[in-house]
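# Coordinate inspection notes
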Amino acid sequence: MRTWRVHELGEPVDVLTLEDVPSPSPGPGEVRLDVAAAALNFPDILMCRGEYQVKPPLPFTPGSEVAGTVTAIGEGVDTVGMGERVLGIPKFGDGGLADETLAAAATVYPVPATLDWPAAAALHITYQTGYLALHRRAALRSGETLLVHAGAGGVGSAAIQLGRAAGARVFATAGGPEKVQVCRDLGAELAVDYRRDDFVAAVKDATDGAGADVIYDPVGGDVFDRSRKCVAFEGRILIIGFTGGRIADAPTNHALVKNYSVVGVHWGLYNLMEPQLIRETHDELIRLHAAGEISPLVSEALPLEEAPAALARLASRATHGKIVCVTGSAAA
Ligand SMILES: NC(=O)c1ccc[n+]([C@@H]2O[C@H](COP(=O)([O-])OP(=O)(O)OC[C@H]3O[C@@H](n4cnc5c(N)ncnc54)[C@H](OP(=O)(O)O)[C@@H]3O)[C@@H](O)[C@H]2O)c1
C-alpha cells in the first residue's frame, strides 16, 4: 500500500515521500481502515515542519482524520465490525495520508450511507471542535452574535454553519473578496475582508456598539488583539489556533475591565478526558447533517498523490473550506 512519509522536517512539498509499505496489522484495541478519504488540516503542515505541539518520531505519516471501511480487527475489539463505514482519527504518526491506516477502535464512529466519503472525512475534527467550542466552552445562546475569524477556512466554515444551526447571528472575517463571498454563502450575515477593512468597526456598527458575544479565533496574533476591542460585555473569546504565526498575550486587566472571558479550546484533550462526549457530539453532528443544517464545504477532492501540493496551498492561504484526498473506489 502507498503512504506519504516524512523522514526529515521541513515544508510538506520538500519532505513528503510516497512509499510502498506492507499493509499494517492492527494491535490490541485497534482496527485497520481501507482509507476512502483523508481530510487535510493545518496541523498536518505544522507536523511536517516540526512546529506542532505534539511531535511524532521520524519517520511519520501525517493525516489526522479519515473516513473508510474496516478491513481488520485487533484483539479485544467488539465495538465495531468488519466492513463497517466509519470516520475517525488514525493512530498518531501512522496517519491517514495512505491507502490504509490503523486507528484505535475507541476513536472511530459510524458513518451512514447518506454521507459520501469526502464529506464524512471532513465532518470530524473541525465540526467537533466547533461544536464543543461553541456549546460546551462558550455556552452560545440562540440570538447571540458570533464572530468567526478565517471564516472561509476549515474550522471557520464549520463554525459559521454551527453558529447558524445554534440560532446565532453570525459575522465572519476572511482574507480577500472570494473568501468573503464564501463566508456569505455559508450563511454569515456580515463578512469583512480583514486584510482591507477594520472588522472592529464593522462588528460595532452591526451591533449598535455592543460587540460580539462570542468570537471564534483560529488566527491569533493581531486578530486576537483586535478582537478584544469588539467583544461584548460578558463575551467569550475562543482560542482555537494560531495560523497567523504569533501567539498573542491576553492582558488580564482588560478582561477584568470589560467583563469578558478568554476561553481555551483543545478538542483533542476531550478524547482523553471525556471520550463519551466526542461520541455524543458525533451523533449530534450526524443528526444536524441529516437535517440539512450543516454540510462540510469540500472545495477540492484530489488523488492521494497531490497531497503535498495541496498542503502547500493550504499553508499559503490559497484554499477555502476543506481539501480531501480520495483513494480507491472513492477516487474513481
Ligand atoms: N483548538 C483545537 O482543538 C483545534 C482543532 C482543529 C484545528 N485547530 C487549529 O485551527 C487552525 C485552523 O486550522 P484549519 O485546518 O481549519 O486551517 P484553515 O482555517 O483551513 O486555514 C488557515 C486559515 O487561516 C488564515 N490565516 C491567517 N493568517 C494566516 C497565515 N499567516 N498563514 C496561513 N493562514 C493564515 C487563512 O484564512 P484567511 O486567508 O481568510 O485569513 C487560512 O485560510 C489551526 O491553527 C489549527 O491548528 C485547533
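Report follows, based on the coordinates.

### A word on the packing of aromatic side chains
Remark: the centre distance and the inter-plane angle together describe each pair of aromatic rings, the angle taken between the planes. Taken as a whole and assessed by the stated rule, the structure comprises 0 aromatic pairs. Over the aromatic face of Trp-117 sits the side chain of Arg-85, whose NZ or CZ is 4.1 Å from the ring centroid.

### Overview of the site of the ligand
Around the ligand, a shell composed of 26 residues is seen, among which Phe-42, Lys-179, Tyr-194, Val-265 and Arg-317 lie nearest. One nitrogen or oxygen atom from the main chain of Val-155 is found 2.8 Å from an oxygen atom belonging to the ligand. Backbone polar atom of Ile-240 to a nitrogen atom of the ligand: 2.9 Å apart, as the coordinates give it. Burial of the ligand by the surrounding chains reaches 90%, relative to a free accessible area of 920 Å². Contributing elements (two or more residues each) for the shell around the ligand: α2 (42-49), α4 (125-137), α5 (154-165) and α12 (307-315). Split into classes, the residues belonging to the shell around the ligand amount to 15 nonpolar, 9 polar and 2 charged.

### Remarks on the pairing of strand β15 (residues 322-326)
β15 sits mainly inside the fold: 5 of its 5 residues count as buried. Here β15 shows a buried face lined by Lys-322, Val-324 and Val-326 and a second buried face lined by Ile-323 and Cys-325. With 3 bridges connecting them, strand β3 (residues 30-39) and β15 associate as antiparallel partners. When the bridges of β15 are listed, Ala-37 appears paired with Val-326.

### Some thoughts on the packing of α4 against helix α11 (residues 275-290)
With their axes 10 Å apart at the nearest point, α4 and α11 run at an angle of 105° to one another. Classified by the interaxial angle, the pair formed by α4 and α11 is roughly perpendicular. Across the interface between the two elements, Tyr-127, Gln-128, Tyr-131, Leu-132 and Arg-136 from α4 touch Leu-277, Ile-278, Thr-281, His-282, Glu-284, Leu-285 and Leu-288 from α11. By residue class, the composition of the contact of α4 with α11 is 7 nonpolar, 3 polar and 2 charged.

### Some remarks on the layout of surface pockets
Empty space within the second largest pocket amounts to approximately 160 Å³. Forming the walls of the second largest pocket are 13 residues, and the residues nearest its centre are Met-1, Arg-5, Pro-24, Asp-94 and Glu-100. Those elements that provide at least two residues to the lining of the second largest pocket are β1 (2-6) and β6 (100-104). Looking at the lining of the second largest pocket, the element that brings in the most residues is β6, giving 3 residues. Among the residues forming the lining of the second largest pocket, the class breakdown is 6 nonpolar, 4 polar and 3 charged.

### Re the sheet that holds strand β8 (residues 145-148)
To summarise the sheet geometry, strands pair through backbone hydrogen bonds and adopt either a parallel or an antiparallel arrangement. A sheet is described by the order of its strands in space; here 6 strands give the open sequence β10-β9-β8-β11-β12-β13, paired in parallel fashion. At either end of the open sheet lies a strand with only one pairing partner, and these are β10 (190-193) and β13 (261-264). With strand direction ignored, the average angle separating the axes of adjacent strands in the sheet is 20°. Across 4 bridges, the pairing between β8 and strand β9 (residues 169-174) is parallel. Paired with Leu-146 across the bridge in β9 is Val-170.

Conventions used here
Residues numbered from 1 in each chain as written. Predicted model: local features only at pLDDT ≥ 70, side-chain atom pairs only at ≥ 80, totals over all residues. Heavy atoms only, no water. Phe/Tyr/Trp six-rings, centres within 6.5 Å; stacked < 30°, edge-to-face > 60°. Lys NZ or Arg CZ within 6 Å of the ring centre and 35° of its normal. Near = heavy atom within 4 Å. Polar contact = N/O pair within 3.5 Å; in protein donor to acceptor, adjacent residues only side chain to side chain. Areas by Shrake-Rupley, 256 points an atom, 1.4 Å probe, with all protein chains shown as cover. Helix = DSSP H or I, 4+ residues; strand = E, 2+ residues; numbered from the N terminus. Nonpolar A, V, L, I, M, F, W, Y, C, P; charged D, E, K, R; others polar. Buried < 20%, exposed > 50% of the residue type's maximum accessible area, 1.4 Å probe, protein only. Pairing = 2+ DSSP bridges. Axes fitted to C-alpha atoms, helices over the stretch in contact; angles between N-to-C directions. Parallel < 35°, antiparallel > 145°, perpendicular 65-115°, else oblique. Contact = heavy atoms within 4.5 Å. 1 Å grid on protein atoms, 1.4 Å probe; cavity = no way out; pocket = protein on both sides within 12 Å on 5 of 7 lines; lining within 4 Å. Points joined across faces, edges and corners; volume = space filled by probe spheres on them.

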